[in-house]
Amino acid sequence: MARWCYRHRLVVLLLWVGALFGLGFSASTAGTDYANVFSLPDTDSKKAYDLMEKAFPASAGDTDTVVWKVDEGSVRDQDVRSRIQPALDEIAGMKGVGGVTGPYAADAAGAAQISGDGRIAYAQITFTEQANAVPKELVQDVVDTARGAGQDGLEVEVGGQAVQRVQEPPTGLAEMVGLAAAAVVLFLAFGSLYAMLLPLAVAVFGVGMGLFSTQLLSHVTDIPDLAPLLSSLIGLGVGIDYALFIVTRHRKGVLRGLDPEESTVVALNTSGRAVLFAGGTVCIALAGMLVTNLRFLDGVVIGTSLTVVLSVLAATTLLPALLGFLGARVLSRKQRRVLAATGPEPEKSSGPAARWSVGVQRRPRTIAALALVVMAVLALPVLSLRLGATDQGNDDASTTTRKAYDLLAEGFGPGFNGPLQVVVDGGDATALTAGIKDTPGVAQVAALPPASGVTVIQVVPSTSPQSAETDTLIDRLRDDVIPEAGAQAHVGGVTAVSKDFATVTGDRLPLFIATIIGLGFLLLLVAFRSLVVPLTAAVMNLVAAAASFGVLVAVFQWGWGLDLLGLGKEGPINAFLPVIMLSLLFGLSMDYQVFLVSRMHEEWVHTRDNARAVRVGLAETSRVINSAALIMVCVFLAFVLSGDSGAAMAGVGLAAAVALDAFILRTALVPAAMHLLGDSNWWLPGWLEKRLPHLAVEPKEEAAPTTAAAGGGPASVVHGFVRNTAGEPVEDATLTLMSQGGRELDRVTSLADGSYILSVPAPGTYLLATTAAPPLLKRARRLTVAGEPLVHDVELEEAAEVS
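Residues numbered from 1 in each chain as written. Predicted model: local features only at pLDDT ≥ 70, side-chain atom pairs only at ≥ 80, totals over all residues. Heavy atoms only, no water.

A. Examining the nonpolar core more closely. One finds Ile-240, Tyr-242, Met-289, Phe-556, Tyr-592 and Phe-636 to be the most contacted residues of the largest nonpolar core, which totals 153 residues. Here Ile-240 is in contact with Leu-179, Ala-182, Leu-186, Pro-199, Leu-200, Ala-203, Ile-631 and Val-635, once residues within four sequence places are set aside. In this structure, Val-80, Ile-91, Ile-114 and Ala-162 belong to the second largest nonpolar core, which totals 29 residues. (Core = buried A, V, L, I, M, F, W, Y, C linked by side-chain atoms within 4.5 Å. Buried < 20%, exposed > 50% of the residue type's maximum accessible area, 1.4 Å probe, protein only. Contact = heavy atoms within 4.5 Å.)

Structural data, given as structure tokens:
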């Protein structure tokens, strides 16, 4: 497949471009139909909502608030009333608004909507739909109309769930910032503009097609509007990373003497296999969200998994075509000149990565202990983790929702922003109302007129919606107050829904974690034929999750650095975040484990030397893993600019998780642990080996023979002459014999008569790369060696000097 894509690169590129523009045109024509299907069956808040929807169909939707404050005088003054009331009347007449309840009514209910000092008042706008189903155009009209009534000395703000959805920055800002940051890292890693553009192009095609496909699928299934944002987040990360791994392996092959086509085939046959496997693990981890049975996550799984699949497809088909267009220009000019002048690089690791790898081998206990201490310290805040929901009180101080929230808290108390709705459909509602009034933690109680046998009691807590005391009040109402009154009632409202969602998520989280860890364990077990490797990966994933959530708690729950990041005010961790974040984290962690251990396993197969396998694997992959992680961190942190608190929280959490996973776990703790475990890393019971299916992450290659051929020599040889096109011998040409995975097996230089002889460890198929000083071209050929020596003459053509 890689060779076909390389040779038919124009066809492949045109197919991808046509598919991208075709999907883009179809998606723009069809529009969007995202549906935030949020349902918590068998919860008390859901029962309350169902009763409300049945008895008060025009009032069962989202309720948002217009709040205003005067600097001097009272909101009852005629000049204030003459500006506010017409705006409220206009809003009440808008299609999709069920009603507006203002403070200027003659009854006592209206008077209750004015603060005690008379400077702050509010009006409630009830939509006919829940917040996530209210059209953004309608919400924007409401905001513009309400705020248009303000003037000097009269501040008008609008708050509520629906209003919060229209306060988002321009679409694509986070993605563009992430791509720009990734471009800088790629250029520093490759030193080549062309090589830098390759991963970005693959990511753009993969994410673009994923988003357009998700948009089209929104017309046939329920997909929440959060799905495209998370798809972009994960798609950009994996798309760039997967291309980075393949391009790095390809560049290494070219530097070691392979021609670009052969190097592309080798890169796709090695790193490309790992990419396919890694993409599969990400999709499986994402699919683990389905076990939670939270319906709104189904659409998230569809969107993100589809984007990951398309990113993998782009990396394995489009990328070889693009490599075909570039040829040797995938290297920098300096690298091409050095390659032409001195020949291929030897197969050896050098630099900081190699020195670090040797250091880990020498002091595995010390490094493992230090890494564990760091991760344990970072994980400590997770003990204070409290799930809940962010609200307008966590928004940036400059937003209208945050200003409205603060004004209401100032005028009516902190609990006013999260009222509870006790929905009564049987028993004595009056007695229940009296019982609620006497309950500790209740600031205000008001029973609305009944309809269809249903009475709604509005309860204002004395504490804020995110307070633990408010959660305690909800439990007290459900467990004690309602049963004691002998009423059939349910506690609903946004605050109660958030609490129920956090409870449901917490209850289902252990099953979810067990599912994705179990599936990941089985995949690694099959791939690496080992019990210890997947067990180590599972433990490391849990350690990474604990530490990343510790960082999340410290930042978003304790407020460390929130002002620096411009992320508003501290509060509980969004209840949906653990499921989404753990899915992405486990998938990405598995990626790094696959890329790291696959190289170790390749070395182990050849040498059966665990210390060498771990040392070489770490030395050759740590730099690219760290570069990939740095790109991921940049992309994820860019989503702080998305304007969505959930995406910002996920971005910070995933950035911390990837950084800790790559820079501490995969670079230090995992290799140190594998050095300590020795050969047991690769142990697998014989009975299990026979029953497991074979799934190769790297191409199958023969292990080094345990016994030499007769006389102590190699199993076979390849020999012949190197000549130019005129038939003259070429002296000092470098000939390198490599395995199909690009592993160097033998290297010699031709003699004065052009002759050479290479040792072959065992019969099989190999790559022979030949390079000579300018003006001769390098050549690469695939050879099949049987038990007898193979005669192979090499003819080198002359070419212009590389510029």
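B. Geometry of the packing of aromatic side chains. Per the stated rule, a full pass over the model turns up eight aromatic pairs. Between Tyr-122 and Phe-412, the aromatic rings sit 5.1 Å apart at their centres with planes inclined by 90°, giving edge-to-face as the arrangement. On the criterion of sequence distance, the pair formed by Tyr-122 in strand 3 (residues 120-127) and Phe-412 in helix 16 (residues 400-412) is long-range, its members being 290 residues apart. Assigned by exposure class, Tyr-122 and Phe-412 land together as buried. Ring centres of Trp-604 and Trp-682 lie 5.8 Å apart, and the angle between their planes is 20°; on these two criteria the pair is classed as stacked. On the criterion of sequence distance, the pair formed by Trp-604 in helix 22 (residues 577-607) and Trp-682 in the loop between helix 24 (645-677) and helix 25 (686-691) is long-range, its members being 78 residues apart. When its relative accessible area of 9% is taken as the criterion, Trp-604 is described as buried. Its end group placed over the ring of Tyr-6, Arg-9 keeps NZ or CZ at 5.4 Å from the ring centre. (Phe/Tyr/Trp six-rings, centres within 6.5 Å; stacked < 30°, edge-to-face > 60°. Helix = DSSP H or I, 4+ residues; strand = E, 2+ residues; numbered from the N terminus. Lys NZ or Arg CZ within 6 Å of the ring centre and 35° of its normal.)

C. How the structure looks around a nonpolar patch on the surface. On the surface, Val-184, Phe-187, Leu-188, Leu-193, Tyr-194 and Leu-197 cluster together into a nonpolar patch covering about 600 Å² of accessible area. As for its position among the elements, Leu-193 is in helix 9 (residues 193-217). (Patch = residues over 30% accessible without salt bridge, like charges linked within 9 Å, V, L, I, M, F, W, Y side chains within 5 Å. Areas by Shrake-Rupley, 256 points an atom, 1.4 Å probe, with all protein chains shown as cover. Salt bridge = Lys/Arg side-chain N within 4 Å of Asp/Glu carboxyl O.)

D. The arrangement of the sheet that holds strand 7 (residues 442-447) in detail. Reading across the sheet, the four strands line up as 7-8-6-9 and stay open at both edges, with antiparallel pairing between neighbours. Edge positions in the sheet fall to strand 7 and strand 9 (488-492), since each has one partner strand and no second. Each adjacent strand pair in this sheet contributes to an overall mean axis angle of 20°, direction not counted. Across five bridges, strand 6 (residues 420-426) lies against strand 9 in antiparallel orientation. Opposite Val-422, over in strand 9, you have Val-491 as the bridge partner. Lying on the sheet, helix 3 (residues 44-55) is in contact with strand 6, strand 8 (455-461) and strand 9; it crosses strand 9 at an angle near 105°. Running over the sheet, helix 18 (residues 468-485) touches strand 6, strand 7, strand 8 and strand 9 and is turned about 175° from strand 9. (Pairing = 2+ DSSP bridges. Axes fitted to C-alpha atoms, helices over the stretch in contact; angles between N-to-C directions.)

E. Here's a closer look at the side chain of Ser-530. Within the secondary structure, Ser-530 sits in the loop between helix 19 (494-528) and helix 20 (532-557). A distance of 3.1 Å separates a polar side-chain atom of Ser-530 from the backbone nitrogen of Val-533. In terms of polar contacts, Ser-530 uses its side chain to reach the backbone carbonyl oxygen of Asn-681, at 2.3 Å. Other than its neighbours up to four places away in sequence, Ser-530 contacts Leu-525, Asn-681, Trp-682, Trp-683 and Leu-684. (Polar contact = N/O pair within 3.5 Å; in protein donor to acceptor, adjacent residues only side chain to side chain.)

F. Here's a closer look at the sheet that holds strand 15 (residues 764-771). Within the open sheet, the four strands sit side by side as 13-12-15-16. Their pairing is antiparallel. Looking at strand neighbours, the two that pair on one side only are strand 13 (744-749) and strand 16 (779-785), the edges of this open sheet. Neighbour to neighbour, the strand axes of the sheet diverge by 20° on average, direction disregarded. Note: strand 12 (residues 734-738) against strand 15, five bridges, orientation antiparallel. Residue pairing across strands places Leu-735 opposite Thr-770, the latter belonging to strand 15.

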